[in-house]
Amino acid sequence: DRHVGTHTVELVPDGSRSTEQILETQRRAHRLVSVLSSISATHAEAVVLHDLLGHDLGEIARLTGVSVAAAQSRLVRGRRKALRLLNAAERRARE
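Residues numbered from 1 in each chain as written. Predicted model: local features only at pLDDT ≥ 70, side-chain atom pairs only at ≥ 80, totals over all residues. Heavy atoms only, no water.

## Some points on the overall build of the protein
The criterion, for reference: Secondary structure follows DSSP: runs of H or I at least 4 residues long count as helices, runs of E at least 2 residues long count as strands, and numbering of each begins at the N terminus. For each residue, the accessible area found with a 1.4 Å probe, counting protein chains only, is set against the maximum for its type, and the residue is called buried under 20%, exposed over 50%, and partly exposed in between.
The helix and strand tally for the protein stands at 4 helices and 2 strands. Across the 95 residues of the protein, 20% fall into the buried class.

Following this line, the structure appears as structure tokens:
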């Protein structure tokens, strides 16, 4: 396992999940990476810092050199764009 911030990323499955569950998790992770690479770097950065790494808006503002309001705007816009693209990718995957 690897620690990212305060989170643990499972590098080797623990055996409690089926192969299909592991493959589905990998497919979803791939779609998420694809979506995040499709939106602006500043929006993706805010989403990753907040939603994946757990930083609060004040920390994001400090890390990225912007105001808290700007960090919040980037997060909201990034989430909106990412969600729209992720939903579209999920629909395509089900077809």
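Further notes follow.
## Considering the packing of helix H2 (residues 41-52) against helix H4 (residues 68-94)
We count it as follows: Throughout, an axis means a line fitted to C-alpha atoms (over the contacting stretch in the case of helices), and angles, computed between N-to-C directions, take values from 0 to 180 degrees. Angles below 35 degrees are treated as roughly parallel, those above 145 as roughly antiparallel, those between 65 and 115 as roughly perpendicular, and all remaining angles as oblique. Whether two residues touch is decided by their heavy atoms; if any such pair falls within 4.5 Å, the residues are in contact. Under the scheme applied here, ten amino acids are nonpolar (Ala, Val, Leu, Ile, Met, Phe, Trp, Tyr, Cys and Pro), four are charged (Asp, Glu, Lys and Arg), and all others, including Gly, are polar.
Close contact between H2 and H4 brings their axes to 8 Å; oriented N to C, the two are set at 95°. Considered as vectors, H2 and H4 are oriented roughly perpendicular to each other. In this structure, H2 uses Thr 42, His 43, Glu 45, Ala 46, Val 47, His 50 and Asp 51 to contact H4, whose residues at the interface are Ala 71, Arg 74, Leu 75, Arg 77, Gly 78, Arg 79 and Lys 81. For the contact of H2 with H4, a count of residues per class yields 4 nonpolar, 4 polar and 6 charged.

## Let's talk about the nonpolar core
Burial of nonpolar side chains together is a common tendency in soluble globular proteins. This is how it is decided: The criterion is simple. A nonpolar core is a set of buried Ala, Val, Leu, Ile, Met, Phe, Trp, Tyr and Cys residues joined through side-chain atoms within 4.5 Å.
Core analysis: the largest hydrophobic core is formed by 8 residues, namely Val 35, Leu 36, Ile 39, Ala 44, Ala 46, Val 47, Leu 75 and Ala 82. At the level of secondary structure, the elements contributing two or more residues to this core comprise helix H1 (19-38), H2 and H4. Setting aside chain neighbours within four positions, we find Ile 39 in contact with Ala 44, Gly 78, Lys 81, Ala 82 and Leu 85.

## Re the pattern of salt bridges
Applied cut-off: By convention in these notes, a salt bridge is any Lys or Arg side-chain nitrogen within 4 Å of a carboxyl oxygen on Asp or Glu.
Summed over all chains, the structure comprises 5 salt bridges. A salt bridge links Arg 27 to Glu 24, with the nearest nitrogen and oxygen atoms 3.1 Å apart. Here Arg 27 pairs with Glu 24, and both are found in helix H1, just 3 residues apart, close to one helical turn. Since its relative accessible area comes to 34%, Arg 27 is described here as partly exposed. Glu 24 sits in the partly exposed class, given a relative accessible area of 25%. Three or more residues are tied together by salt bridges with common partners; here these are Glu 20, Glu 24, Arg 27, Arg 28 and Arg 31.

## Re a positive patch on the surface
Going by this rule: What goes into a patch is any residue over 30% in relative accessible area without a salt bridge, connected to like charges within 9 Å or, for nonpolar side chains (Val, Leu, Ile, Met, Phe, Trp, Tyr), within 5 Å. Using a 1.4 Å probe, accessible areas were evaluated by the Shrake-Rupley method; residue-level cover was limited to the displayed protein chains. Only four residue types enter the tally: Lys and Arg on the positive side, Asp and Glu on the negative side; His and the chain ends are excluded. The location of each charge is read from NZ of Lys, CZ of Arg, CG of Asp or CD of Glu.
Taken together, the side chains of Arg 77, Arg 80, Lys 81 and Arg 84 define a basic patch exposed on the protein surface. Assessed through its relative accessible area of 32%, Lys 81 is described here as partly exposed.

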